[in-house]
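Breakdown of the fold
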Amino acid sequence: MHTVALAVTDGMLHYELSMAIEVFGSDLTHLVDPWYDFSLCGPGAVRVGRFGLEMDHGLDHLPHADTVIVPGWADTDVDPPAELLDAVRAAHTAGARVASLCTGAFVLAAAGLLDGRRATTHWAHTDELARRHPDVTVDPDVLYVDNGDVLTSAGKAAAMDLCLHLVRTDHGSANANTIARRLVVPPHRDGGQAQFISTPVPAPGNHPLAELFPWVLQRLDEPLTVEVLAKQARMSSRHLGRHFRSLTGTTPLQWLHAQRIRHARELLETTDATIDTVAAATGMGTSTTLRRHFHRTVGVPPDTYRRTFRSHHQPPSGP
């Protein structure tokens, strides 16, 4: 069972902390069994805003976890306590995957885990993080950065994106999307290993592309172009691009590509469809094209991805 430890001391932000507890600390064994073995780790009782928390373990437990999550650090002008830095550093040295949410990046940076790496944090604090830690390459324009063993997220909602990204990495896209639906958050804000490109499907509402998004998602197997999308939206290609950038943070073709890869992941996880069938269903045309784009985006070939995550979705065998 994969163990997740939430590193908590006085001075943390309760919003990001509660996100991590909701995702990793809830009993979701009806989705994946076993789920995560989750624990709160800190120096005795901890005060987070108006909430008092009782710890499961001390900070010395962090090196025993597979994943360590550091929530937002409330006052970035205050240095994190040495015992927290030592424990986070020891966990990383022991092989833990370490992730920070929002301004928790200041804790990782102070511990030296971000030196020579790309990282992000809440947009209001990116300049300060870069100034105080010049050995860190701070990217203010992304939602999260995944360096493999060290991950950082931007603020608030982006912290949830990173939590879901960790679930997707561990348990597959279909399970991450199921959890997103349970939490009523967008499930499609996906990204690459080095840095994140925003590709969400905005919630239904009163915006110019409200009818276009579901229309496209029902036709991923068709040869869609910017011109086709613009005609369906009854606007020029230029205006379509402007609305896409405003709503999704990316271009129509980049968004469409991300949705096709997302659909391919779900088909690989939940069906026995051949690679040729998946390629056709996602508008990739041929298995060669699918393999090339899937490997480039996800990091592994579709066959390897299926072997990794298919077992999570196999129905129980009959008597």
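Keep in mind the model is a prediction, meaning the values are calculated, not measured.

Reading the values: rules and limits
Residues numbered from 1 in each chain as written. Predicted model: local features only at pLDDT ≥ 70, side-chain atom pairs only at ≥ 80, totals over all residues. Heavy atoms only, no water. Helix = DSSP H or I, 4+ residues; strand = E, 2+ residues; numbered from the N terminus. Rg over C-alpha atoms; globule rule 2.2 N^0.38 Å. Buried < 20%, exposed > 50% of the residue type's maximum accessible area, 1.4 Å probe, protein only. Contact = heavy atoms within 4.5 Å. Pairing = 2+ DSSP bridges. Axes fitted to C-alpha atoms, helices over the stretch in contact; angles between N-to-C directions. Core = buried A, V, L, I, M, F, W, Y, C linked by side-chain atoms within 4.5 Å.

Counting its secondary structure elements, the protein contains 13 helices and ten strands. Here the protein has a C-alpha radius of gyration of 21 Å; the compact-globule value for 319 residues is 20 Å, and the two agree. With the C-alpha coordinates aligned to their principal axes, the bounding extent of the protein is approximately 60 × 55 × 35 Å. Counting over 319 residues, the protein shows a buried share of 50%. In the protein, the proportion of contacts linking residues at least 24 apart, taken out of those at least 6 apart, comes to 64%.

Right, let's get into the sheet that holds strand S2 (residues 37-41). Spatially, the six strands line up as an open sheet ordered S2-S1-S5-S6-S10-S9, and their pairing is mixed. Pairing within the sheet leaves two strands with one partner each, and these edge strands are S2 and strand S9 (144-146). Pairwise comparison of adjacent strand axes, ignoring direction, gives a mean angle of 15 degrees for this sheet. Bridge analysis of S9 against strand S10 (residues 150-153) gives three bridges, and the strand direction is antiparallel. Its bridge partner lying in S10, Val145 is registered against Thr152.

All right, on to the nonpolar core then. Core analysis: the biggest nonpolar cluster contains 67 residues, and Val8, Phe24 and Leu62 have the highest contact counts within it. The dominant element in this core, judged by the number of residues it contributes, is helix H5 (residues 157-171), at eight residues. Setting aside residues up to four positions removed in sequence, Val8 forms contacts with Leu17, Leu40, Cys41, Gly42, Pro43, Val46, Val48, Leu53, Met55 and Leu59. Counting residues in hydrophobic clusters, the runner-up holds 15 residues, among them Leu209, Leu224, Val226 and Ala230.

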